[in-house]
Amino acid sequence: MTSLRKDERIYSAKSCASIGRGSPEVASHVLNRALHREVDDHVKYEICKSLLSLGRWNCATIDEFSQRLEQGSELMRIDIMKSLAPSATDATNNYGDNDQNVYQSLQRLVQILHTLMMEETGSENVEVITCLSAICLSQITKDEVITKLVITKLLTIVKTTRDWTQHSLAVECLVRKVRLMERVVFRACVRQLYHSIQWKHRLLAAQLLAMFNRKQISLISSVDEVFDSLFHKLWDEAKVEVRLAVARIFTVMGLRPRLITELDKRLDAGSSETRAHAVISIASVGIKNDKTLRTLIEMLGLDSSDYVRLQVMRTFHALGVSDVRAVRALREREKCDGNLSTEAAKILTSLKQINNRASRCSSMS
C-alpha cells in the first residue's frame, strides 16, 4: 500500500479485500490508513470498494461513494452500486447510535440512491441503475415511503424487463430482502425457472421458490397448481443442480409423499417417454425406497426401450446405489453387446470407487 507505483497500490487494495476476510479488523486498519494518505482518486476508489467488501462502513467510505454516484458516469455508478448491494446491510450494523456523522453520511447516500432510482433518463442503462439503486435502498433504509417505492420499482422491472439478469436481481431482492411473498413474485420465480437461458438464474429461481412455505402458498395459489407448475422441471432441465433444487421445493412444501406416489405410477406408464421422465425424476428427488428400487431393477432387465434402461443405469449412479440386486442387474447388462454394455461397465466402475471411498471414510472415523 506504500508503493510509488499506482497499479501496485490498486492491486494491494484489492488483495486486502480477499486476504483480509479471515481477520477483517486488521485489513480494515491497513486500508483506512492507506485511504487517509492516498492522493490518487482511482486508488482511493479501490480502497473504498475493499472496505465495503469487508463490511466496514465509515464516513470517508460513504462520502467517497456518494460523491462518485453524484458526479460519475453511468458505468461508474453501476460499478459502485454493484459493490454497495452485497454489503449494504452492514451499513446499519457497523456504527453506534451516537455516531451522528455516519448517520448523516448514510442519509445523504440514501437521498442520492433515491434520486437515481426515480430518474428516467432514457439511456440504455436506466433499468440497470434503477434496479441496483432499489436493491441498495432496500438494505440501507427502513423508511416506509422509500420501501414502498422500492417495491413498486422492482415489481415494474419484474413485469416488464426482457433482461433476465435484472429480473433475477429484482426478484431475489423482493423475496430475500423485502420478503414480499405474493402471487406476482411467485409467478415471476416460476417464469424465471422455466425461461431463463442462464442456468444460475434458474437455480436461483428454484432456491427462491423453496423460501415460500406452505401457508404462504395457500394464500396465493393452490397445492395442485404448484405441483403441476414444478413437476415437469424434475426431468425437463439440463443442469442437475437445478433439478435437485426443484426437488427440494417439493420437500419443503410437504409434497414429497405425493410426488413419490405419482412417479411410481409413471414407471408403469405405456409411453416409454413418460417412463424415462419418471426415472430421471427419481434421480433428482433421491428416492431410494425398496419398492422403487425393485421396480427400477425390473425395468433395467425387461423394459422395451433402450433409452429407459440407460436412464435407469444413470439413476443408479446418481443415487450411489450399492444394493446387491442392482449391482447384479448392471453386471448382467454389462455382458450384453452395444452401448448399454459400455455404459453399465462405466457405472459399475464408478459405483465401486464410491463404495471404496465410503469404506475408507467409515474406517477412519
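Look up a bit, the structure's there.
What comes next concerns the included structure. Predicted model, so just to flag it, every value in this text is computed and none were measured.

**Brief notes about the packing of helix α14 (residues 240-252) against helix α16 (residues 272-285)**
Interhelical geometry of α14 versus α16 gives an angle of 75° and a closest axis separation of 8 Å. By the angle between their directions, the pair α14 and α16 is classed as roughly perpendicular. Side by side, α14 and α16 meet where R243, L244 and A247 of the first sit next to I280, A283, S284 and V285 of the second. Across the contact of α14 with α16, the residue classes tally to five nonpolar, one polar and one charged.

**Here's the deal with the packing of helix α4 (residues 59-71) against helix α6 (residues 100-118)**
One can describe the packing of α4 onto α6 by two numbers: an axis separation of 9 Å at closest approach and a directional angle of 20°. Taken together, the axes of α4 and α6 lie roughly parallel to each other. For the crossing formed where α4 meets α6, the hand is left-handed. Here α4 contributes C59, I62, D63, S66, Q67, L69 and E70 to the contact with α6, which in turn contributes N101, V102, S105, L106, R108, L109, I112, L113 and L116. Looking at the contact of α4 with α6 residue by residue, the class counts come to nine nonpolar, four polar and three charged.

**A closer look at the environment of D40**
In this fold, D40 is placed in the loop between α2 (24-37) and α3 (41-53). The exposure class of D40 is partly exposed, given its relative accessible area of 21%. For D40 and R9, which are 31 residues apart along the polypeptide, the C-alpha to C-alpha distance reads 10.0 Å. Reaching out from D40, the side chain makes a polar contact with the backbone nitrogen of H42 at a distance of 2.9 Å. Within the structure, D40 has its side chain in polar contact with the backbone nitrogen of V43 (distance 3.2 Å).

**Re the packing of aromatic side chains**
Under the counting rule described, the total for this entry stands at five aromatic pairs. Ring centres of F227 and F250 lie 5.4 Å apart, and the angle between their planes is 80°; this geometry places the pair in the edge-to-face category. Note that F227 is positioned in helix α13 (residues 223-231) and F250 in helix α14, a separation of 23 residues in sequence. Taken together, the ring pairs in this structure connect F227, F231, W235 and F250 into an aromatic cluster. Across from the ring centre of Y194, 5.4 Å away, lies the NZ or CZ of K233, which sits over that ring.

**Digging into helix α17 (residues 290-302)**
The terminal C-alpha atoms of α17 lie 18 Å apart, and with 13 residues this matches the ideal 18 Å at 1.5 Å per residue to within 8%. When α17 is considered as a whole, its buried residues turn out to be T292, L293, T295, L296, I297, M299 and L300. If you follow the buried residues of α17, they end up packed against α15 (256-266), α16, α18 (306-319) and α19 (324-334). For α17, the N-terminal capping position is held by N289, with its side-chain oxygen 3.3 Å away from the main-chain nitrogen of K291.

**Description of the state of the cysteines**
Following the criterion strictly, the structure yields zero disulfides and no others. Here C136 stays free of any disulfide, with the sulfur of C173 as its closest cysteine sulfur at 9.1 Å. For C136, a relative accessible area of 0% puts it in the buried group.

**Comments concerning the pattern of salt bridges**
Applying the stated criterion across every chain, the model contains 20 salt bridges. For D79, the salt bridge is made with K49, and the minimal N-O distance between the two is 3.2 Å. Separated by 30 residues along the polypeptide, D79 in helix α5 (residues 74-87) and K49 in helix α3 bring together distant segments of the chain. For D79, a relative accessible area of 28% corresponds to the partly exposed category. A salt bridge links R325 to D290; its shortest N-O distance comes to 2.8 Å. Here R325, found in helix α19, pairs with D290, found in helix α17; they are 35 residues apart in sequence, far enough to count as distant. Look at R325 and you get partly exposed, because its relative accessible area is 30%.

Analysis parameters
- Residues numbered from 1 in each chain as written.
- Predicted model: local features only at pLDDT ≥ 70, side-chain atom pairs only at ≥ 80, totals over all residues.
- Heavy atoms only, no water.
- Axes fitted to C-alpha atoms, helices over the stretch in contact; angles between N-to-C directions.
- Helix = DSSP H or I, 4+ residues; strand = E, 2+ residues; numbered from the N terminus.
- Parallel < 35°, antiparallel > 145°, perpendicular 65-115°, else oblique.
- Contact = heavy atoms within 4.5 Å.
- Nonpolar A, V, L, I, M, F, W, Y, C, P; charged D, E, K, R; others polar.
- Left-handed = near helix turned anticlockwise from the far one by under 90°.
- Buried < 20%, exposed > 50% of the residue type's maximum accessible area, 1.4 Å probe, protein only.
- Polar contact = N/O pair within 3.5 Å; in protein donor to acceptor, adjacent residues only side chain to side chain.
- Phe/Tyr/Trp six-rings, centres within 6.5 Å; stacked < 30°, edge-to-face > 60°.
- Lys NZ or Arg CZ within 6 Å of the ring centre and 35° of its normal.
- Expected span 1.5 Å × (residues − 1).
- Disulfide = S-S within 2.5 Å.
- Salt bridge = Lys/Arg side-chain N within 4 Å of Asp/Glu carboxyl O.

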